[in-house]
Amino acid sequence: MMGRNYWLLKSEPEAYSIDDLSRDKSTYWDGVRNYQARNFLRDSLKKGDRVFFYHSNAEPPGIAGIAEVTKEGYPDPSQFDPKDVHYDAKSDPRDPTWFVVEIKFVKKFREVIPLERLKKVPALAQMPLLRRGQRLSVQPVAEKEWKAISELTP
DNA sequence: GCCAACGTTGGC
DNA sequence: GCCAACGTTGGC
């Protein structure tokens, strides 16, 4: 698709996994509380973009499947809910701080592609994911990286 | 469970 | 505006 971009979203599977997305079919990506990641969600992820669903704090950590953006950035409802762990009392509803996108399930890989495996692929050396100390939970993925990773799956 | 790396907060 | 203290992320 012309102009489609690629991304990687991290989630701890204990909180929300590829199986949860497979069951739900779609979800909105709430709870992101980092400004750089927020900017991507608000400004950059576009309908039709493809997303790698990454399992962090998992055994093994790695890419578990693929999703697709179905709705572009809009205010994260959880920031206004005092009972939600992601509640942000400082966020003004007239000028919200945090944003979500909606994604839909595309596929679950037969096996997670482990982080360890990704590290061995030369074409992926520049990925932020593989950089030491990089914690960004919403990251751009270059097209050549997307292709290289896709070739790792059966 | 440890802890390095990083982002945020707040005193000054 | 600096920077120490603190909280979080996330691999190991």
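Scope of this entry: the structure provided in the associated data block. For clarity, every value in this text was computed on a predicted model and none was experimentally measured. (Residues numbered from 1 in each chain as written. Chains lettered and ligands numbered in written order. Predicted model: local features only at pLDDT ≥ 70, side-chain atom pairs only at ≥ 80, totals over all residues. Heavy atoms only, no water.)

## Comments concerning the pairing of strand 1 (residues 6-11)
Two faces make up the sheet, and in a regular strand the side chains alternate between them. With respect to burial, strand 1 is a largely interior element, 6 of its 6 residues being buried. Here strand 1 shows no split at all, with Tyr6, Leu8 and Lys10 on one side and Trp7, Leu9 and Ser11 on the other all buried. In the sheet, strand 1 pairs with strand 3 (residues 50-55) via 6 bridges, with the strands oriented parallel. Directly across from Leu8, in strand 3, lies its bridge partner Phe52. Summarising the sheet, strand 1 and strand 6 (residues 138-141) pair through 4 bridges and their orientation is antiparallel. Along strand 6, the bridge assignment pairs Trp7 with Pro140. (Buried < 20%, exposed > 50% of the residue type's maximum accessible area, 1.4 Å probe, protein only. Helix = DSSP H or I, 4+ residues; strand = E, 2+ residues; numbered from the N terminus. Pairing = 2+ DSSP bridges.)

## Comments concerning the environment of Leu118
Take Leu118: it is sitting in helix 3 (residues 115-118). According to the relative accessible area criterion, Leu118 is buried, its value standing at 0%.

## Thoughts on the sheet that holds strand 3
Taken in spatial order, the 6 strands line up as 2-5-4-3-1-6 in an open sheet, and their pairing is mixed. Since the sheet does not close on itself, it has two edges, and those belong to strand 2 (26-28) and strand 6, each with one partner. Adjacent strand axes in the sheet meet at a mean angle of 35 degrees, parallel and antiparallel pairs treated alike. Running at roughly 60 degrees to strand 3, helix 4 (residues 143-150) makes contact with strand 1, strand 3, strand 4 (62-75), strand 5 (99-114) and strand 6 of the sheet. (Axes fitted to C-alpha atoms, helices over the stretch in contact; angles between N-to-C directions. Contact = heavy atoms within 4.5 Å.)

## Observations regarding the nonpolar core
Residues Trp29, Leu45, Ile103 and Val138 are the most contacted members of the largest nonpolar core, which totals 20 residues. Residue assignment for this core shows that the elements contributing at least two residues are strand 1, helix 1 (18-24), helix 2 (35-44), strand 3, strand 4 and strand 5. Listed in part, the 18 residues of the second largest apolar core include Phe109, Leu115, Met127 and Ala148. (Core = buried A, V, L, I, M, F, W, Y, C linked by side-chain atoms within 4.5 Å.)

## Details of the pattern of salt bridges
Note on pairing: side chains with opposite charge can pair once their charged atoms come close. Inspection of the entire model under this criterion finds 10 salt bridges. A salt bridge links Asp81 to Lys83; its shortest N-O distance comes to 3.9 Å. The network of salt bridges with shared partners includes Asp20, Arg23 and Asp24. (Salt bridge = Lys/Arg side-chain N within 4 Å of Asp/Glu carboxyl O.)

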